[in-house]
Structure formats: structure tokens, C-alpha cells
Amino acid sequence: MPHTADLFGEAEAPGTGPSSAPMPTHAAAADTPAARAASLRAQIAAHDHAYYVLDAPTVPDAEYDRLFRDLQALEAAHPALATTDSPTRRVAGRPLEGFAPVAHRVAMLSIRTETDTTAEGARAFDARVRRELKRPESDPPVVYAAELKFDGLAINLRYEDGVLVQAATRGDGETGEDVTQNVRTIRAIPLRLATDAPPPVLEVRGEVYLRRDDFEALNEAARARGDKTFVNPRNAAAGSIRQLDPAIAAQRPLSFFAYGLGETQGWATPATHSGVLDALRALGLPVCHERALGTVDDLIGFHADIAARRDSLPFDIDGVVYKVDSLAVQAQLGFVTREPRWAVAHKYPPQEMLTTVEAIEVQVGRTGKLTPVARLAPVFVGGVTVTNATLHNASEIERKDVRVGDTVIVRRAGDVIPEVVGVLADRRPPGAMPFAMPHACPVCGSLAVREEGEVDNRCSGGLICAAQRKQALLHFAQRRAMDIDGLGDKIVEQLVDGGIVRTLPDLYRLGLLKLAELERMAEKSAANLLQSIDASRRTTLPRFLFGLGIRHVGEATAKDLARHFGSLDALMNASVEDLLAVEQVGPVVAESVHTFFAQPQQREVVEQLRACGVEWPEGEGAAAAAGTAPLAGKTFVLTGALPTLSRDQAQALIEARGGKVAGSVSKKTHWVVVGSDAGSKLDKARELGIATLDEAELLALMHGKAATSESPQFPPD
Ligand code: IVH
């Protein structure tokens, strides 16, 4: 097991070298329990930092869990070894009666908000600062730091002699609440600073927040349980921090970014705000890398750049923050009431807005799921005009009690579909009736049922239902399945409504005449569509399986199944036990696949598709399962554009030979396949000393030249 310093060194450490590793004591080599505990803590801290701060995991979860359990066992056997900075303390702690008050040594202020969301907002701030400083236009420009305005909850972290001793909310700015137990559960926050010479007191201020994907997952899980969902990531983060039971807080995947200081004693404070953030990062604290430094023009550029990328950030922001960079100039500017003159928040348009519900409709999905959708009075939110929003399912609509006529809060953040997150009950018009889910499918009239333990109502009509047929065709035709270019929803709609296509095989029996009759279908596009349908006949087993739309079989599962069974017939005849033998396949998937192929009409669809000439190479997957595939057990990462292969093609070739393609480079990567304009993945490969291949070398490797080599180095030939 490598030492902490090695791990930090590899993963772009805070600080500059072994001397700044967070737990220098473990270097005492003696194999005493104390030395072992210190070593385990250092390893866990290093993995936490790599995972939660650098976003570059260094070990698999199982290995991490093993270290953690070893440390817990050691501390249980030697209670004297337990320390406040031990990672085991992140999960310990009893529910509280209430939170103790904490008097802030340095008041926690708020920032003035600039509501003019245009470039003028930044100019107005610069003009105010210059006026205060009596620096006319002819003087050199003021240097500012720009950063994101995170939408979470402000926290003060107090480190004494390098150890986290207290975490407090902002409260009224003078007095906050002691939330140390809950903050300890946030793995991005170091329990000990990464330095050999910690200052006696260092208070770090920043924002606790929840990533959007973590928020969606949290709500998805709550929805599946039929529990109440959170309105937005900020509320979820704030609710989690103010949770009296730390065991619940520990289950909420909170994150943190540092953006400033509170009290310090004996710390050589850098002269600038940007220097402070760099120093905090070096101490192991998470600092967001979306930052800029410069004059007012750079602030305007930053505001515009972030606005353009706001949707693709992994977390919510409600603006950007500009701060005078020099701490001396900050002191000179001082405060007005409770706001510093040296900082401003420059907002973006909101991601939550009020509107009214004009109607509630019910849509039918591919698997028959009935989704209530609110038709809304158009509202501009999160950068787009929203006219409808999902209400998810019957139990959610009951819980939120959304009614036609209601005034509701609509949220659209990131590329997530718009959602009704709450109702303003006091604005409900008289006579608005509760919404009831229909007992019959609104499309085909079949009975709509809710199965035991499920939150969704489903149409029981199967492929009798035109809505399900349309969705099944679109699913089959999508790029990642059969890749039938040109078969979009408008055409599918006409094909199904016109009774031209009833089943998947009907697609392959279409003729030019029938297609050209469709509305808005020129003869040329009809011919093109026929050609893509024809080309889709030659496919791969994973694509075909995924395209069939078996419940719970996504792309990854389709690949696993194909690799394991090697042929469609082997899969169709597999028992539930056989299916459970596939790695990654659990009882739900096994049952679903088995049920699917047990139905004669599904087998008939498969047979007809084969009779229509749909085909794929068989057997390669089986070779991989038997461990004889040339790339079995090897992990690749693709970066840049390859000269002849598309990314999907390269991935398919690697996977067909038993290899895996991962999204990011780690120590576990065997080869990085490099094309033109390769980016940070190539840098990372160089940093970790991972071998690289070009397309020609990849192709050579696939033909078995070097694949038995255990070493990740690609032999010259
Ligand atoms: S600095 C004296 N920087 O916005 C300035 N605040 O009203 C203190 N916030 O409650 C705040 N991102 O929680 C600062 N990059 C950032 C911030 C930020 C979010 C929050 C903070 C505070 C509120 C300011």
C-alpha cells in the first residue's frame, strides 16, 4: 500500500511534497497499533481528498471500505487511539436535542446584490469601488477576483492547530448554530489540514451545497419510497445540515467549496484574496477552479462565459461574485451596514419562477408508465420558455396536491427537465378540484393499474397501446440501439396512427410507396430513410438487445448480457439462475429478461426480425466471457478524434474483444487511446505514466499482439 505522500503526489497534492502530507506522524515506521492507525487515517484522508476534492478516485470502493473497517476495528480494540480527526468520526455521533449557539469571532456578512444582469452590473461595481478609493479613470485599473456564487448554505469551519474543531452556520451573522457533527460527515472537508506547521487558529468560510446529480438521485430515491421530495439542492443541503440526527446527514452526499476566511491566528495570510484561495487549496480544502483574476473587462468576460456554461456546471449557482483582490484595499474600503464595499454578487436570471397550471395531462411511456404532466402558462425560467413540466407520478401529485388553476413554483436547472416543485396553497382559486389519475389508459383505454409496492400507474395494454408502440419504435431506432437515422417522432406518429407499422418487424417491410405517402415526406427523404432502415439490419447483439426495450435492460446491461451469453439463443433460453450468474445482473433484471423471453409474442418479434435479415456477429462475447478474448480485463480510455474510427466504433471494437472503456484516466487504466486534439486525459495519462496508443497501435493490439502482457506498457512491437 503506497504511503500518503505517494498518493498525494500522484493525484496532484495539496501542498508541494511529502513534507505537506496531512498526517506526517505515520511515517514512524514501527508497526505499533498507533502507527497503524495513523497510517490508515492518512491513507483514508488521501483517498477522500482524491475522490471528493480532486474528483480523481485512486482506489475502488471495496479497498476504501476495507481500510475503513480496519481502522474501526483498531480503534475499537484500542479506544485510547481514537482521535477527533479520525475519519471514523465522520459517521459517529448521537442525535442532538438541538443545536448549541456559536458566537462568530468575526461576523459573517452578506454581499450586496447587483440585479442588473447585463455587463453594466460589473461596470457599476467597478465605478463604485473607484469612487470610494478616489481612483479616477486615469489611474491603473483595480484588480478583482471573480468566482461563482454557490447556491447552498454558508458555513464557518474552525481549525485549531490544524484539526477541525467546530463548524457553524451563519445564523444572523453574529451567532450561528453548532453543526459540527453533521459537517464532519462531508468527506470533501478535511478533518485535519494538510500541513506540518498548522496555524493555531484558521477559520475557513465557504458554502455547503449539493451537486445536481446527487440532488436528483436523492429525490429519485425519496420518490421511489413515496416520501416527500426536496424543492431544490439548496433546501436539501440546508435541511441536511440542520438535521439533528447525524446518521441521516451522513446519508446526504453534501459537498463544500471554500471562498474566504474568518478569524485567523498565527497564519501568514497571503496579501490577496486569490492568494488566500490558493493557500486554502494547498491545505487540502476544496476550492472551485472556475475563477478569474483581472480588471472589470475580465469580470464581464467571466460573467458571460459562466452564463453560457451555467447549465453544464454540476451544481446550481445563482450568479458570480466579484471581490477586490488586494486584502489591503479591501480593508481600506470597509463595510456599509452589513455588506462589504469590496464585493458584489452579480446575478443570473432565476431558475425558479411562478406560473399557473392550465391543465394536467397524462402521458404514456414506452413501458406503459403513466406520467402526469402540467400544462403551464408560458414562463421564462432557467434560460428557456417552459410550457409544461413533469409531475412524475400519482403519489407525487397527491403529495404535492397540484390542481388545475394553482399557482406553482417551476424549477429548471441544468439540462434537467422542468419540474413543478411546489404549490402556493394560499393562491388556490375557489373550486379547484384535486387531480385524480385515470383508471383507464388515455390512449388505448386499457385498464391502468398500480402494482403492489410501485409508485407508478401503468397502462396494461402493452403493444396494443399506440402510445407504447410509438415509444417502442423510437427506442428501437435510436442512435445507441439500431441507429435508424431519420426515424423521428413525427414519422413514427404517422406510421403508427396510420396503422402502417404495428410491430418492430413491420419497419423492415416498409416500401418506398407507403413512406412517400406520408405527410411532409419527400421522395428523397423516403429513400434515405429506407436506406438507413436497410443499413440497420447489420448490427451488434448489445445494440439489438438494448433496442428490444426489455424493462430494466439499459445499454450497459445489454452489453453485459451479450458478453456473457455470446449468442441470442443462449440468452433467450437462459433460466433465471443462468441470468443471475452474469456479473452486474441482480434479481430484478434477471426476472425481467426471463419474463420477456418467456412470452411467445416477444419471441415471435425476435424471430421475425431475424427473418427480415437483422443480423450480428455472434460468439465474440462468449470468447470474452471465457477469458480468451485478447483484451479481457483491460481498461481503455479514449481521448481526441481518431483518424478513421468514431468513438462509438472504437469502443465497440474494444468491447467486442472483452476490453472495457472508461470515461476517465486512473491508475487502473491500461491504455489511453489518443487522437488529435487530445485534452486533459492525455496530460493525466502522462502524469500517471500510463501507456498511450494511436489508432494503428490500437488496431494492432486488438489483433492479439500484446494483449497477454500484464504490464500496462505497450511493447514497441
Ligand atoms: S463571500 C463578506 N463568496 O452568498 C463576503 N459568498 O450574501 C462574504 N456565497 O451567505 C461572502 N458563493 O453563503 C462569498 N463565492 C462566494 C459565495 C458566497 C455563495 C453566499 C454566502 C453568503 C451569501 C452572500
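Scroll up to find the structure.
Since we're looking at a predicted model, the values are computed, not measured.

As for the overall build of the chain
- Helix and strand counts for the chain come out as 26 helices and 24 strands.
- Structurally, the chain occupies a C-alpha span of about 80 × 75 × 60 Å along its principal axes.
- In the chain, the proportion of contacts linking residues at least 24 apart, taken out of those at least 6 apart, comes to 67%.
- Separation between the mean location of the 78 positive side-chain charges and that of the 94 negative ones in the chain comes to 2 Å.

Here we look at the side chain of Glu-147
- With respect to the helices, strands and loops of the structure, Glu-147 is situated in strand β3 (residues 144-150).
- With relative accessibility at 5%, the residue Glu-147 sits in the buried group.
- Among the polar contacts listed, one links the side chain of Glu-147 to the side chain of Lys-323, at a separation of 2.8 Å.
- The contacts of Glu-147, once residues within four sequence positions are left out, are Tyr-259, His-273, Leu-277, Glu-290, Arg-291, Phe-302, Val-320, Val-321 and Lys-323.

Some details on helix α2 (residues 33-53)
- An ideal rise of 1.5 Å per residue puts 30 Å on 21 residues; α2 measures up with 29 Å between its terminal C-alpha atoms.
- A positive phi of about 60 degrees marks Asp-55, the residue just after α2.

Some remarks on the sheet that holds strand β23 (residues 671-674)
- What the 4 strands build is an open sheet, ordered β22-β21-β23-β24; its pairing is parallel. Each end of this open sheet is capped by a strand with a single partner; those strands are β22 (660-662) and β24 (691-693). With strand direction ignored, the average angle separating the axes of adjacent strands in the sheet is 35 degrees.
- By the bridge criterion, 4 bridges tie strand β21 (residues 635-639) to β23 in an arrangement that is parallel. Note that in β23 the partner of Val-637 across the bridge is Val-672.
- With respect to the sheet, helix α24 (residues 647-656) is in contact with β21 and β22, its orientation differing from that of β21 by roughly 170 degrees.
- Docked against the sheet, helix α25 (residues 680-688) engages β21, β23 and β24, running at close to 135 degrees with respect to β21.

Things to note about the pairing of β3
- In terms of burial, β3 is largely enclosed, as 6 of its 7 residues are buried.
- As defined by bridge partners, β3 adjoins strand β9 (residues 292-294) across 3 bridges and the pair is classed as antiparallel. Residue Ala-146 lies in a different strand from β9, and its bridge partner there is Ala-292.
- Sheet analysis places β3 next to strand β10 (residues 317-324), joined by 7 bridges and oriented antiparallel. Residue pairing in the sheet places Leu-148 in a bridge with Val-320 of β10.

A word on the packing of helix α13 (residues 466-477) against helix α14 (residues 489-497)
- Relative to each other, α13 and α14 sit at 135 degrees, their axes nearing to 10 Å. Between α13 and α14, the crossing angle belongs to the class labelled oblique. Every pair of crossing elements has a handedness; the one defined by α13 and α14 is right-handed. Residues Ala-466, Arg-469, Lys-470, Leu-473 and Leu-474 of α13 pack against Asp-489, Val-492, Glu-493, Val-496 and Asp-497 of α14.
- Class assignment of the residues belonging to the contact of α13 with α14 gives a composition of 5 nonpolar, no polar and 5 charged.

The rules behind the values
- Residues numbered from 1 in each chain as written.
- Predicted model: local features only at pLDDT ≥ 70, side-chain atom pairs only at ≥ 80, totals over all residues.
- Heavy atoms only, no water.
- Helix = DSSP H or I, 4+ residues; strand = E, 2+ residues; numbered from the N terminus.
- Contact = heavy atoms within 4.5 Å.
- Lys, Arg positive; Asp, Glu negative; His and termini not counted.
- Charge placed at Lys NZ, Arg CZ, Asp CG, Glu CD.
- Buried < 20%, exposed > 50% of the residue type's maximum accessible area, 1.4 Å probe, protein only.
- Polar contact = N/O pair within 3.5 Å; in protein donor to acceptor, adjacent residues only side chain to side chain.
- Expected span 1.5 Å × (residues − 1).
- Pairing = 2+ DSSP bridges.
- Axes fitted to C-alpha atoms, helices over the stretch in contact; angles between N-to-C directions.
- Parallel < 35°, antiparallel > 145°, perpendicular 65-115°, else oblique.
- Left-handed = near helix turned anticlockwise from the far one by under 90°.
- Nonpolar A, V, L, I, M, F, W, Y, C, P; charged D, E, K, R; others polar.

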